[in-house]
Amino acid sequence: MTVTSIRTLSDPVLREQAKPITEFDGELRTLVKDLRDTLEDSRGAGLAAPQLGVGLRVFVWSPKLPGSGSDLDHLVNPVVEFPDEEEQDGMEGCLSVPGVYLDTRRRMNVVAKGFTMQGDPVQVVGDGLLARCIQHETDHLDGILFIDRLTPQMRDNWMATLRAADWFDEDLLTKIKQSPHQ
Ligand code: NI
């Protein structure tokens, strides 16, 4: 069991575009194991490689997440598609933004294509919390955090929550991107 420390908001690795995985080797299997062990230890819903300081396109999710169903709990080089326009609202948090939970709008349904760590092509069809998790983790691979997805009024709420957090530092404000979405 290898539990690795999770990078938090001010770490630049969380803002970088992660690179596609080209070698499905022992190193990748170790990375997936570290992600699983660290996720289980922290009782989160999902964890992406950049959160462990590794800029590669892979993430894991908790098998306890409703709808995860199958044995599959990770995706390499994921591509997310939305089969419809339906949206969901719900509380969202991130192990890299400790103690902050905010209502975040996401799509309700996803179809995520990618690979297992053995290099086999797989597809995950998910809704609800699993779909939310897959969107959140895929965002991590593109350097996007859930706080970037907030509406302007949610942003005000989040600023109040953020300022109250014991790890808050004014420098963080310069690192928060404006939402690329409407
Ligand atoms: Ni996260």
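These lines cover the structure that appears in this document, whether it is placed above or below. (Residues numbered from 1 in each chain as written. Predicted model: local features only at pLDDT ≥ 70, side-chain atom pairs only at ≥ 80, totals over all residues. Heavy atoms only, no water.)

Compared with the 24 Å implied by 1.5 Å per residue over 17 residues, the 24 Å span of helix H1 (residues 26-42) between its first and last C-alpha is a close match. When we look at burial in H1, the residues that qualify are Leu28, Leu31, Val32, Asp34, Leu35, Asp37, Thr38 and Leu39. Contact partners of the buried residues in H1: strand S1 (46-48), strand S2 (58-61) and strand S3 (74-81). A positive phi of about 55° marks Arg43, the residue just after H1. (Helix = DSSP H or I, 4+ residues; strand = E, 2+ residues; numbered from the N terminus. Expected span 1.5 Å × (residues − 1). Buried < 20%, exposed > 50% of the residue type's maximum accessible area, 1.4 Å probe, protein only. Contact = heavy atoms within 4.5 Å.)

What follows is about the environment of Ala112. Its location among the elements puts Ala112 in strand S8 (residues 109-115). Ala112 sits in the buried class, given a relative accessible area of 0%. Residues Ala112 and Phe82 lie 30 residues apart in sequence; the distance between their C-alpha atoms is 8.6 Å. In this view, Ala112 contacts Leu75, Val79, Val80, Val122, Gln123, Val124 and Ile134; residues no more than four positions away in its chain are not counted.

At the metal site, the nickel ion is ligated by Cys94 (SG), His136 (NE2) and His140 (NE2), and these contacts range over 2.1 to 2.2 Å. Along the chain, the residues donating to the nickel ion are arranged with the sequence spacing C-x41-H-x3-H. Here His136 pairs with His140, and both are found in helix H2 (residues 128-141), just four residues apart, close to one helical turn. (Donors = N, O, S within 2.8 Å, 3.2 Å for Na, K, Ca; no water.)

Attention shifts here to the environment of Ile147. Mapped onto the elements of the fold, Ile147 is located in the loop between H2 and helix H3 (152-164). For Ile147 and Asp89, which are 58 residues apart along the polypeptide, the C-alpha to C-alpha distance reads 14 Å. Other than its neighbours up to four places away in sequence, Ile147 contacts Leu9, Arg155 and Trp158.

Before going further, it helps to examine the packing of aromatic side chains. Scanning the entire structure with this criterion turns up two aromatic pairs. Between Phe59 and Trp61 the ring centres are 6.0 Å apart and the planes differ by 55°, which places this aromatic pair in the tilted class. Overall, Phe59 belongs to the buried group, its relative accessible area being 0%. (Phe/Tyr/Trp six-rings, centres within 6.5 Å; stacked < 30°, edge-to-face > 60°.)

Attention now moves to the side chain of Asn77. With respect to the secondary-structure elements, Asn77 resides in strand S3. A polar side-chain atom of Asn77 sits 2.8 Å from the main-chain amide nitrogen of Ile21. (Polar contact = N/O pair within 3.5 Å; in protein donor to acceptor, adjacent residues only side chain to side chain.)

Sheet analysis places strand S5 (residues 91-94) next to strand S6 (residues 97-103), joined by three bridges and oriented antiparallel. The partner of Glu92 across the bridge, within S6, is Leu102. In textbook terms, the turn of a hairpin is the stretch between consecutive antiparallel strands, and for S5 and S6 this stretch comprises two residues. (Pairing = 2+ DSSP bridges.)

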